[in-house]
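Survey of secondary and tertiary structure
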Amino acid sequence: RAYNFCAGPAALPTDVLQQAQQEMADWHDKGLSIMEMSHRSKEFVAVAEQAEQDLRELMQVPDNYKVLFMQGGASSQFSMVPMNLLRGQAKADYILTGQWSKKAIAEAKRYCDVHLAASTDFASAPTQAELELSADAAYVHYCPNETIGGVRFDYIPETGAVPLVADYSSAILSEPLDVSRFGMIYAGAQKNIGPAGLCVVIVRDDLLGQALPGTPAMFDYQTAANNGSMYNTPPTYSWYLAGLVFQWLKAQGGVEAIGEVNRRKAAKLYAFIDGNDFYANPVALANRSIMNVPFTLADDSLDAAFLQQSEQAGLLNLAGHRSVGGMRASIYNAVPEAAVDALIDFMGDFARRHG
Ligand code: PLP
C-alpha cells in the first residue's frame, strides 16, 4: 500500500483493513457480514459494547461520562453542542484559532450570543492568560487541534466551573488526555477512529437532559444516552470498524505508546522543514500540531510538480486544504514512522533537484 497523508478521510491501519476484509462476507462463521446483521442482535450489541469499552479504556473515560456513537460527522456537533449545552443560558464562549473553530462559531451564532474569548491569526493558539472568559457563559468551546492550519493547543484551558467543550476530531487518541478536564469532547471518526460519518461524543452526565425546546430527538444527547446510541439504526459498519481500530491501538500499547511515536514522527518532520531553506511551516513553535503538518515550498510554482512527483513516489494526498493551498502532511496514528521517513527523503531529494 501507498503512504497516505490525507487529512481525512485518513489512513487506516493496514492490519485493520485486512481483518475487515477477511470478515467481510462471513463474520465469525455466521454466514453473513456484520453490516447485514440487526443492530439489536446479540452479536452486534457485543461488538458495539466492546468498542465502547475499549475506547473508555484507551482514554480512561471516567464513569460519570457517557460515550455516544453519533452520526452526521463532527459538523453536526457544531449545532448539537449549543442545542444541548446552553441549558437555559444565553451565552457561550468560543476560542477562534482556525477554520474549524470558525465554522463552529458560525453555527453557534444561530442559537446564542457567542463571546470570542480569544482569536488568533490562525498560526498560533492563545495562552491561558490571553483568554477572556465570561463568568456567565454556558460553556467554552475550542478546537485543540486545527486540522487545516496545523495549530495545536499545548495546554488544556482552565475554565473554572464553566464546562469546557473540545472538537478533538483531528487529535483524539493521538496522546494521553485527561478527560475529566472537559464537559464534553467530540470527534469525527475519519482521522484516528474509522470511517467518515461517525462521530464520537464523550459527555459528562450532569450536562445531559437540558436540551433546547424543539431539539430533534436524534440530536438530543439524552436520547442517544438512553438508547445506547441505538435510538435509530446506527452506522453499524463504521462502529464495528472503529472497534477494530481501538483494538489495534490497544495492541500498539495504547495512547501513551502511540503518543511517543507521534511526537517522534512530528519532531523529525519539523526538524527537517526548519533545517531546509526550501520548505517552511508558519505555525508558532509551541503550537505546532503533531497530527497535521502544513508546509510551503519556497517557490510555489513548483507545487504541482511536488504533488505529482510525490504521488508517483507513493506518497499520497500531500496537498494543503483547498482554502489555504500549499502542502500538508497529516500523520495520524495509522501513518507509520516509515512513511514520515520516506516523505523526508522525498522532500530532500526534491529540494536538491529544484532548489
Ligand atoms: N472539526 C475538525 C477539527 C475537523 O478536522 C473536521 C473535518 O475534517 C471537522 C470538524 C468536520 O468533520 P465532518 O466532516 O465529519 O463533519
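Small disclaimer: the values here were computed from a predicted structure and weren't measured.

Conventions we followed
- Residues numbered from 1 in each chain as written.
- Predicted model: local features only at pLDDT ≥ 70, side-chain atom pairs only at ≥ 80, totals over all residues.
- Helix = DSSP H or I, 4+ residues; strand = E, 2+ residues; numbered from the N terminus.
- Rg over C-alpha atoms; globule rule 2.2 N^0.38 Å.
- Buried ≥ 20, exposed ≤ 12 C-beta atoms within 10 Å, placed from the backbone.
- Contact = placed C-beta atoms within 7 Å.
- UniProt positions renumbered as here; feature names shortened; annotations may be inferred.
- Near = placed C-beta within 6 Å.
- Nonpolar A, V, L, I, M, F, W, Y, C, P; charged D, E, K, R; others polar.
- Domains from an automatic or database assignment.
- Pairing = 2+ DSSP bridges.
- Axes fitted to C-alpha atoms, helices over the stretch in contact; angles between N-to-C directions.

**Topic: the overall build of the protein chain**
Of regular secondary structure, the protein chain possesses 9 helices and 14 strands. Rg of the C-alpha trace for the protein chain: 21 Å, near the compact-globule value of 20 Å for 355 residues, within the 12% margin. Looking at the protein chain as a whole, 45% of its 355 residues are labelled buried. Long-range pairs, those at least 24 residues apart, make up 68% of the contacts in the protein chain between residues at least 6 apart in sequence.

**Side note on the UniProt feature "modified residue: N6-(pyridoxal phosphate)lysine" (unreviewed entry) in the protein chain**
Here, UniProt's "modified residue: N6-(pyridoxal phosphate)lysine" (unreviewed entry) annotation points to K191. Of note, K191 is situated in the loop between β9 (184-188) and β10 (199-204). Setting aside residues up to four positions removed in sequence, K191 forms contacts with G8, A10, S169, S170 and Y332.

**Re the site of the ligand**
Around the ligand, a shell composed of G8, G73, A74, S75, W100, C143, T147, D167, S169, S170, G188 and A196 is seen. When its residues are assigned to classes, the shell around the ligand shows 4 nonpolar, 7 polar and 1 charged.

**Observations regarding the domain arrangement of the protein chain**
Segmenting the protein chain into domains produces domain 1 (14-251) and domain 2 (253-354). Between domain 1 and domain 2, the C-alpha centre-to-centre distance is 27 Å. Tallying the contact residues gives 23 residues for domain 1 and 24 residues for domain 2. Of all the elements in the fold, those that place two or more residues in the side of domain 1 that touches domain 2 are β7 (151-152) and α6 (236-251). Classifying every residue of the side of domain 1 that touches domain 2 by side-chain character gives 9 nonpolar, 9 polar and 5 charged.

**Let's talk about the sheet that holds strand β2 (residues 65-70)**
Taken in spatial order, the 7 strands of this open sheet run β2-β10-β9-β8-β5-β3-β4, and their pairing is mixed. Every other strand in the sheet has two partners, leaving β2 and β4 (113-119) as the edge strands with one partner each. Here the average twist between neighbouring strands, direction ignored, is 20 degrees. The pairing of strand β3 (residues 91-96) with β4 spans 6 bridges and is classified as parallel. Each residue of the ladder has a partner; that of A92, found in β4, is V114.

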